[in-house]
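Understanding the architecture of this molecule
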Amino acid sequence: MNKSYVIWNNKGGVGKSTITFHIASMYAEKNPDRNVVVIDMCPQANSSMMLMGGGTGAESRLQELIMGDIPKTVVGYLTDSVLKNDTTDVNKYLIQLNESNSKLPSNLFLMPGDGNLELIAPLLAERADATPLSSTDSPWVEIHSIIKKLTERTLFGKPTTFFIDTNPSFSIIHK
Ligand SMILES: Nc1ncnc2c1ncn2[C@@H]1O[C@H](COP(=O)(O)OP(=O)(O)OP(=O)(O)O)[C@@H](O)[C@H]1O
Ligand SMILES: [Mg+2]
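This section reports on the structure supplied with the text.

Definitions and cut-offs
Residues numbered from 1 in each chain as written. Chains lettered and ligands numbered in written order. Predicted model: local features only at pLDDT ≥ 70, side-chain atom pairs only at ≥ 80, totals over all residues. Heavy atoms only, no water. 1 Å grid on protein atoms, 1.4 Å probe; cavity = no way out; pocket = protein on both sides within 12 Å on 5 of 7 lines; lining within 4 Å. Points joined across faces, edges and corners; volume = space filled by probe spheres on them. Helix = DSSP H or I, 4+ residues; strand = E, 2+ residues; numbered from the N terminus. Nonpolar A, V, L, I, M, F, W, Y, C, P; charged D, E, K, R; others polar. Contact = heavy atoms within 4.5 Å. Pairing = 2+ DSSP bridges. Salt bridge = Lys/Arg side-chain N within 4 Å of Asp/Glu carboxyl O. Buried < 20%, exposed > 50% of the residue type's maximum accessible area, 1.4 Å probe, protein only. Near = heavy atom within 4 Å. Polar contact = N/O pair within 3.5 Å; in protein donor to acceptor, adjacent residues only side chain to side chain. Areas by Shrake-Rupley, 256 points an atom, 1.4 Å probe, with all protein chains shown as cover.

1. Looking at the layout of surface pockets
- Reported here for the largest pocket is a volume of approximately 420 Å³.
- At the level of elements, helix H4 (74–84), helix H6 (139–144) and helix H7 (146–150) are the ones that each hand at least two residues to the lining of the largest pocket.
- Along the lines of polarity and charge, the residues of the lining of the largest pocket split into seven nonpolar, four polar and six charged.

2. Here's the deal with the environment of isoleucine 147
- Note that isoleucine 147 resides in helix H7.
- Distance from isoleucine 147 to isoleucine 39, taken between C-alpha atoms, is 8.9 Å for residues 108 residues apart in sequence.
- When sequence neighbours within four positions are dropped, the list of residues in contact with isoleucine 147 reads Ile39, Met41, Tyr77, Leu78 and Ile164.

3. A word on the sheet that holds strand E5 (residues 160–165)
- Taken in spatial order, the five strands of this open sheet run E1-E5-E2-E4-E3, and their pairing is mixed. Two strands bound the open sheet, and with one partner strand each, they are strand E1 (3–7) and strand E3 (95–96).

4. Some thoughts on the pattern of salt bridges
- This structure, assessed with the given rule, holds three salt bridges.
- For aspartate 80, the salt bridge is made with lysine 84, and the minimal N-O distance between the two is 3.4 Å. Here aspartate 80 pairs with lysine 84, and both are found in helix H4, just four residues apart, close to one helical turn.
- Using a relative accessible area of 6% as the deciding quantity, one classes aspartate 80 as buried.

5. A look at the site of ligand 1
- Near ligand 1 the following residues occur: Gly12, Gly13, Val14, Gly15, Lys16, Ser17, Thr18, Gln44 and Pro168.
- One of the backbone N or O atoms of glycine 13 is found 2.9 Å from an oxygen atom in ligand 1.
- Against a free-state accessible area of 630 Å², the protein chains account for coverage of 49% of ligand 1.
- The class makeup of the residues in the shell around ligand 1 is two nonpolar, six polar and one charged.

So, in structure tokens, the structure goes:
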């Protein structure tokens, strides 16, 4: 059974990303029977940087992921969900952290943060406000459930625990 935890506070700089980094990595180590996925919903991508080992190495690796044809980040996942309605291959958006940071356990994965997240917020808002095409069509619910639905998926054949880092605001990307 999957579990998910959101780390959110309306105040900035109080340690959300640091806590995300610590709890996700400790939890993964203590729960080898589960997969652990950090979803970094903060455009500053601080927890991604820490999980990727920090420093200039993590910075350039993150840039590479952001610059891909399909960004290997939360932006890639959200845009493919909205524009293609197909995110079947979750490997396109996740990295296994111990490939770049050997100190982390092999069951810990990251959907990296992406500075372009703010830029796609209007696309999400526009899609959410679309007129329903039938009585069963609910664009608003659909758009606002993209990440929730992700936390219900079984990834790589094991129950998964998700930790979601956020930034200090309450916008469409956090619902
Ligand atoms: N327990 C702690 N003790 C001392 N310093 C800490 C602690 N936790 C975090 N910090 C430091 O406080 C600063 C802010 O931490 P962090 O980036 O985790 O906060 P945040 O809530 O994620 O910020 P933001 O709102 O910008 O996303 C960082 O420099 C971090 O190293
Ligand atoms: Mg933060």
